[in-house]
Amino acid sequence: MEDIKKNIEGVRAKISEAAAAAGRDGDEVILVAVSKTRNPEEINTAIDAGITDIGENKVQEIMDKFEDIKPVRWHMIGHLQTNKVKYIIDKVDMIHSVDSIKLAKEINKRAKAKDLVMDILVQINPAEEESKFGVTIDGAGDLVREILDTCENIRIRGLMSVAPIAEDPRDVKPYFDGVKAKYDELAQIDDPKLDFKYLSMGMSHDFAVAIEAGSNLVRVGSAIFGERDYEKYRKEQEAKKNGSIQ
Ligand SMILES: *Cc1c(COP(=O)(O)O)cnc(C)c1O
């Protein structure tokens, strides 16, 4: 558990360094601790160490943990199926993974029913990889405008993207630069439901490069919590369920 605190300090130091190299202030960069496969004890340790934002990529994990986590902002960062929006609409503060009008309309419908406005990011797949979700850089504008035309209970706060895996993270900088250019362009749209503030780019292995390209929100998991162990999480959940039946 000590490691988590130390790792957070290390990540923050790297964030400051990368921001300084780009002539910016590290305090402008939001660190979202990606807590998938981590249990509430580990996540609360991170919160005690100053983490204000956590990210999960599965609806089920948000449901599993929600009650046991100290007050924090929740980010849904993974692919979201329309039939699961209803479970998280009043739990998360921002949905990073909007990549279709169908999903946006469902979020809008569920937000309206709860009388809230949901902050979202449009997810871009800059290298157009088959294995990844997201719209193309060229397609982002059309989706943004369609959401603005049809979704009253959504506020578009920016863009999110996951770069290809590369041995040397410098190699993916052009993808980050491409997303940043699109971000700057779309931020100019004059509409009360669009208020660009977040460019969500960068994970454990490439957040420094992403920050240099202009990211102001990084999603960092393994560099904070260590390598993920999906089997361990599954077993913990099973034990928890069995324990609560008696
Ligand atoms: C898991 C995940 C991360 C964090 O990945 P690490 O390499 O562990 O930092 C960031 N973004 C998304 C969308 C993820 O699913």
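The shown structure was predicted, so the numbers you read here are calculated from the model rather than taken from an experiment. (Residues numbered from 1 in each chain as written. Predicted model: local features only at pLDDT ≥ 70, side-chain atom pairs only at ≥ 80, totals over all residues. Heavy atoms only, no water.)

Colleague: Please explain the overall build of the protein chain as it appears in this structure.
Modeller: Each helix and strand counted, the protein chain has ten helices and eight strands in total. Taken over the C-alpha trace, the protein chain has a radius of gyration of 18 Å; the compact-globule value for 246 residues is 18 Å, and the two agree within 12%. Residue pairs in contact within the protein chain that sit at least 24 positions apart in sequence constitute 61% of those at least 6 positions apart. Across the protein chain, the centroid of the 37 positively charged side chains sits 4 Å from that of the 46 negatively charged ones. (Helix = DSSP H or I, 4+ residues; strand = E, 2+ residues; numbered from the N terminus. Rg over C-alpha atoms; globule rule 2.2 N^0.38 Å. Contact = heavy atoms within 4.5 Å. Lys, Arg positive; Asp, Glu negative; His and termini not counted. Charge placed at Lys NZ, Arg CZ, Asp CG, Glu CD.)

Colleague: How should the site of the ligand be read in this particular structure?
Modeller: Every residue near the ligand is listed here: Val 34, Lys 36, Asn 57, Ile 77, Met 160, Met 203, Ser 204, Arg 219, Val 220, Gly 221, Ser 222 and Arg 228. Take Ser 204: an N or O atom from its side chain is 2.5 Å from an oxygen atom of the ligand. Ser 222 is positioned such that a nitrogen or oxygen atom in its backbone is 2.8 Å from an oxygen atom of the ligand. More than half of the atoms of the ligand fall within 2 Å of the grid points belonging to the largest pocket. Of the residues assigned to the shell around the ligand, the class counts are five nonpolar, four polar and three charged. (Near = heavy atom within 4 Å. Polar contact = N/O pair within 3.5 Å; in protein donor to acceptor, adjacent residues only side chain to side chain. 1 Å grid on protein atoms, 1.4 Å probe; cavity = no way out; pocket = protein on both sides within 12 Å on 5 of 7 lines; lining within 4 Å. Sits in = over half its atoms within 2 Å of the grid points. Nonpolar A, V, L, I, M, F, W, Y, C, P; charged D, E, K, R; others polar.)

Colleague: What exactly am I supposed to notice about the nonpolar core here?
Modeller: For soluble globular proteins, nonpolar side chains are generally found buried alongside one another. Core analysis: the biggest nonpolar cluster contains 67 residues, and Ile 95, Ile 107, Ile 120, Ile 147, Ile 156 and Ile 224 have the highest contact counts within it. Counting residues per element, this core draws most heavily on helix α1 (residues 2-21), which supplies six residues. When residues no more than four places from it in sequence are discounted, the contact partners of Ile 224 are Ile 4, Asn 7, Ile 8, Val 11, Leu 31, Ala 33 and Ile 51. (Core = buried A, V, L, I, M, F, W, Y, C linked by side-chain atoms within 4.5 Å. Buried < 20%, exposed > 50% of the residue type's maximum accessible area, 1.4 Å probe, protein only.)

Colleague: Would you explain the side chain of Lys 182 in this entry?
Modeller: The topology assignment puts Lys 182 in helix α7 (residues 173-186). The residues contacting Lys 182, other than those within four sequence positions of it, are Ile 124, Ile 137, Ala 140 and Leu 159.

Colleague: What's the story with the packing of aromatic side chains in this structure? I'm lost.
Modeller: The geometry of an aromatic ring pair is captured by two quantities: the separation of the ring centres and the angle between the planes. Throughout the structure, instances matching the rule amount to two aromatic pairs. Their ring planes at 35 degrees and their centres at 5.0 Å tell us that Tyr 183 and Phe 196 sit as a pair that is tilted. Within this pair, whereas Tyr 183 is found in helix α7, its partner Phe 196 is found in strand β7 (residues 194-201), the two being separated by 13 residues in sequence. Seen from the ring of Phe 66, Lys 91 lies directly overhead, with NZ or CZ sitting 5.6 Å from the centre. (Phe/Tyr/Trp six-rings, centres within 6.5 Å; stacked < 30°, edge-to-face > 60°. Lys NZ or Arg CZ within 6 Å of the ring centre and 35° of its normal.)

Colleague: Sorry, what's going on with the packing of helix α5 (residues 101-113) against helix α6 (residues 140-150) here?
Modeller: Geometry of a packed helix pair, given as the angle between the helix axes and the separation of the axes. Axis separation between α5 and α6 bottoms out at 10 Å; the angle between their running directions is 30 degrees. Taken together, the axis directions place α5 and α6 in an arrangement best described as roughly parallel. Judged by the twist between their axes, the crossing of α5 over α6 is right-handed. Between α5 and α6, the contacting residues are Ile 101, Ala 104, Lys 105 and Asn 108 on the first element and Leu 143, Glu 146, Ile 147 and Thr 150 on the second. Here the residues of the contact of α5 with α6 are counted per class, giving four nonpolar, two polar and two charged. (Axes fitted to C-alpha atoms, helices over the stretch in contact; angles between N-to-C directions. Parallel < 35°, antiparallel > 145°, perpendicular 65-115°, else oblique. Left-handed = near helix turned anticlockwise from the far one by under 90°.)

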